[in-house]
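# Inside the fold
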Amino acid sequence: MLSNNIAILRKLPKPVAKVLRDSLVYPRYWWHAQKCRQGYKQYGDQYKNSILFVVGIPKSGTTWLEKMLSSYPGYSELLIPEASLASPLQWDMPEDTFTRMRKMLVLSKMHLAGTPHNAKLLSDSDIPYAILYRDLRDVCISNYHYVRLAPWHYQYKEIIDKSLPDYVDQWIVNSLPGFCRWVDSWAEVRDPSRSIMVRYEDILSDPHDTLRRILETYELPATEERINDMVERNRFEHLSGGRAAGQEQNNSFFRKGKAGDWTNHFTSDQKEAFKEVGGDWLIRHGYESDKNW
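Residues numbered from 1 in each chain as written. Predicted model: local features only at pLDDT ≥ 70, side-chain atom pairs only at ≥ 80, totals over all residues. Heavy atoms only, no water.

### Notes on the side chain of His285
Condition: Secondary structure elements follow DSSP: runs of H or I no shorter than four residues count as helices, runs of E no shorter than two count as strands, and numbering proceeds from the N terminus. In what follows, a contact means two residues having at least one pair of non-hydrogen atoms within 4.5 Å.
One can find His285 in the segment after α14 (268-284). Here His285 is in contact with Tyr133, Val183, Asp184 and Arg199, once residues within four sequence places are set aside.

What follows is the structure, encoded as structure tokens:
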């Protein structure tokens, strides 16, 4: 119910949208917390883990994964208010984050950084988690289109009147180094026994096997029939209202659903600039074999 207000917020001027959006943070939290408690009472004894944690960079498929995981009866989305109001890419979770979620079945998705504090909190609380990331060239393009639909976003004012080429130039200089560090930090601090690192592109190319590995990390029952159903129900065509993957609609949260869109937008100069900052990152994470792209 409260999530339907997002469409209304997008039609409002930024200052009004931000105030209204912030005012919904606490009511939304309490409403979702109640659903999580109800889910635990009804289904809590069916699962080994009552909290499923998803962390990822923006536009890396975290919402998509969250939707697939919600097919397990009883689990509901829950985001603590501080996470909604903070700058999550540079944020440490409060010490009591997971104690607040006792006797709940929770799906919690955040974009927070891989700091030693966050990794230790997850480990000490014995929370399984998936870390999602994506080709940062595509993140740049996707984020531009997303922010233009989000008047409450802190970048909205600077982007709404900016052309995509100008935004790419600025993003490579100002944002790319931080995103490279974000992925590398989680690779360094995560607990391999309770976490999995997942590329968005692998969910696209092989959703069944990738989802199976994620479900194994969460220790969720994963029959072939269930996985097939989760994948089919959450294909891009269904989430986008009937468009095929690659069919673009800029005013939709599910805009294109395709990897490699950056090749349609980056200029030669922008490619060279990206290589200087993020070329080694692309090689390190398997997106390129060298810098001759």
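### What to know about the pairing of strand β4 (residues 129-133)
Our working definition: Classification of residues uses two cut-offs on accessible area relative to the type maximum, computed with a 1.4 Å probe and protein chains only: under 20% is buried, over 50% is exposed, and between them is partly exposed. Between any two strands, pairing holds if DSSP finds at least two bridges.
Within β4, five of the five residues are buried, which leaves it mostly tucked inside the rest of the structure. Of the two faces of β4, the one carrying Tyr129, Ile131 and Tyr133 and the one carrying Ala130 and Leu132 are both buried. As defined by bridge partners, strand β1 (residues 51-56) adjoins β4 across four bridges and the pair is classed as parallel. Across the sheet, residue Phe53 finds its bridge partner in β4, namely Tyr129. Alignment of β4 against strand β5 (residues 195-199), held across five bridges, turns out to be parallel. In the sheet register, Ala130 faces β5, and the bridge partner there is Ile196.

### With respect to the sheet that holds strand β3 (residues 106-110)
In a beta sheet, neighbouring strands pair by backbone hydrogen bonds and run either parallel or antiparallel. Heads up, the rule is: In this description, a line fitted to the C-alpha atoms serves as the axis of each element, helices being fitted only across the stretch in contact, and the angle between N-to-C directions of two axes falls anywhere from 0 to 180 degrees.
Strands sit in the order β2-β3-β1-β4-β5 across an open sheet of five strands; the sheet is parallel. Where the open sheet ends on each side, the last strands, each with one partner, are β2 (76-77) and β5. As judged from the two bridges shared by β2 and β3, these two strands associate in the parallel manner. Each bridged residue has a counterpart across the sheet, and for Ser76 the counterpart in β3 is Val106. With respect to the sheet, helix α9 (residues 176-189) is in contact with β1, β4 and β5, its orientation differing from that of β4 by roughly 150°.

### Digging into the pattern of salt bridges
Stated formally: Just to be clear on terms, a salt bridge is a Lys or Arg side-chain nitrogen sitting within 4 Å of an Asp or Glu carboxyl oxygen.
In the structure shown here, the tally under the stated rule is 17 salt bridges. Residue Glu66 is joined to Lys109 by a salt bridge in which the shortest nitrogen-to-oxygen separation is 3.8 Å. With Glu66 in helix α3 (residues 62-69) and Lys109 in strand β3, this pair connects stretches of sequence that are 43 residues apart. Across the pair Arg212 and Glu224 runs a salt bridge, and its minimum N-O distance is 2.8 Å. Of this pair, Arg212 sits in helix α11 (residues 207-218) while Glu224 sits in helix α12 (residues 224-233); the two residues are 12 residues apart in sequence, bridging distant segments of the chain. With a relative accessible area of 23%, Arg212 lands in the partly exposed category. Here the salt bridges share partners, and the residues they tie into one network are Asp209, Arg212, Arg213 and Glu224.

### Some remarks on the packing of aromatic side chains
Applied cut-off: When the centres of two rings from Phe, Tyr and Trp lie within 6.5 Å, Trp using its six-membered ring, the rings pair. Their planes under 30 degrees apart give stacked, over 60 give edge-to-face, and anything left gives tilted. The criterion is that NZ of a Lys, or CZ of an Arg, lies within 6 Å of the ring centre and within 35 degrees of the ring normal, and then a charge sits over that ring.
All chains considered together, the criterion is met by 16 aromatic pairs. On the numbers, 5.7 Å between centres and 80° between planes, the contact of Phe53 with Phe98 is edge-to-face. Of this pair, Phe53 sits in strand β1 while Phe98 sits in the loop between α4 (81-85) and β3, and the two are 45 residues apart along the sequence. The ring of Trp31 is capped by Lys35, whose NZ or CZ atom sits 5.3 Å from the centre of that ring. In this arrangement the basic side chain of Arg199 is found over the ring face of Tyr287, its NZ or CZ atom lying 4.4 Å from the centre.

### Thoughts on α3
With seven of its eight residues buried, α3 lies for the most part within the structure. Along α3, the positions that sit buried rather than exposed are Thr62, Thr63, Trp64, Leu65, Glu66, Met68 and Leu69.

### Considering the side chain of Glu201
Test applied: Under the counting rule used here, the positive set is Lys and Arg, the negative set is Asp and Glu, and His together with the chain ends is not counted. We call two N or O atoms a polar contact when they sit within 3.5 Å, provided that within protein one can donate a hydrogen and the other can accept it, with sequence-adjacent residues counted only if both atoms are side-chain atoms.
Among the secondary structure elements, Glu201 is positioned in helix α10 (residues 200-205). Arg199 provides the closest opposite charge to the buried, salt-bridge-free Glu201, at an N-O distance of 4.5 Å. Among the polar contacts listed, one links the side chain of Glu201 to the side chain of Tyr287, at a separation of 2.7 Å. Setting aside residues no more than four positions away along its own chain, Glu201 makes contact with Tyr133, Arg134, Asp135, Ala259 and Tyr287.

### Comments concerning the environment of Asp138
Within the secondary structure, Asp138 sits in helix α6 (residues 136-147). For the pair formed by Asp138 and Lys258, sequence separation is 120 residues and the distance between their alpha carbons is 9.2 Å. There is a polar contact of 2.9 Å between the side chain of Asp138 and the backbone nitrogen of Trp262.

### Examining the packing of helix α8 (residues 164-174) against α9
Selection criterion: In what follows, roughly perpendicular refers to angles from 65 to 115 degrees, roughly parallel to angles under 35, roughly antiparallel to angles over 145, and oblique to any angle outside these ranges. Under the scheme applied here, ten amino acids are nonpolar (Ala, Val, Leu, Ile, Met, Phe, Trp, Tyr, Cys and Pro), four are charged (Asp, Glu, Lys and Arg), and all others, including Gly, are polar.
At their nearest, the axes of α8 and α9 sit 4 Å apart, and the two run at 50° to each other. In this view, α8 runs oblique relative to α9, as classed from their interaxial angle. From α8, Trp171, Ile172, Val173 and Asn174 reach across to α9, where they touch Leu176, Pro177 and Phe179. By residue class, the composition of the contact of α8 with α9 is six nonpolar, one polar and no charged.

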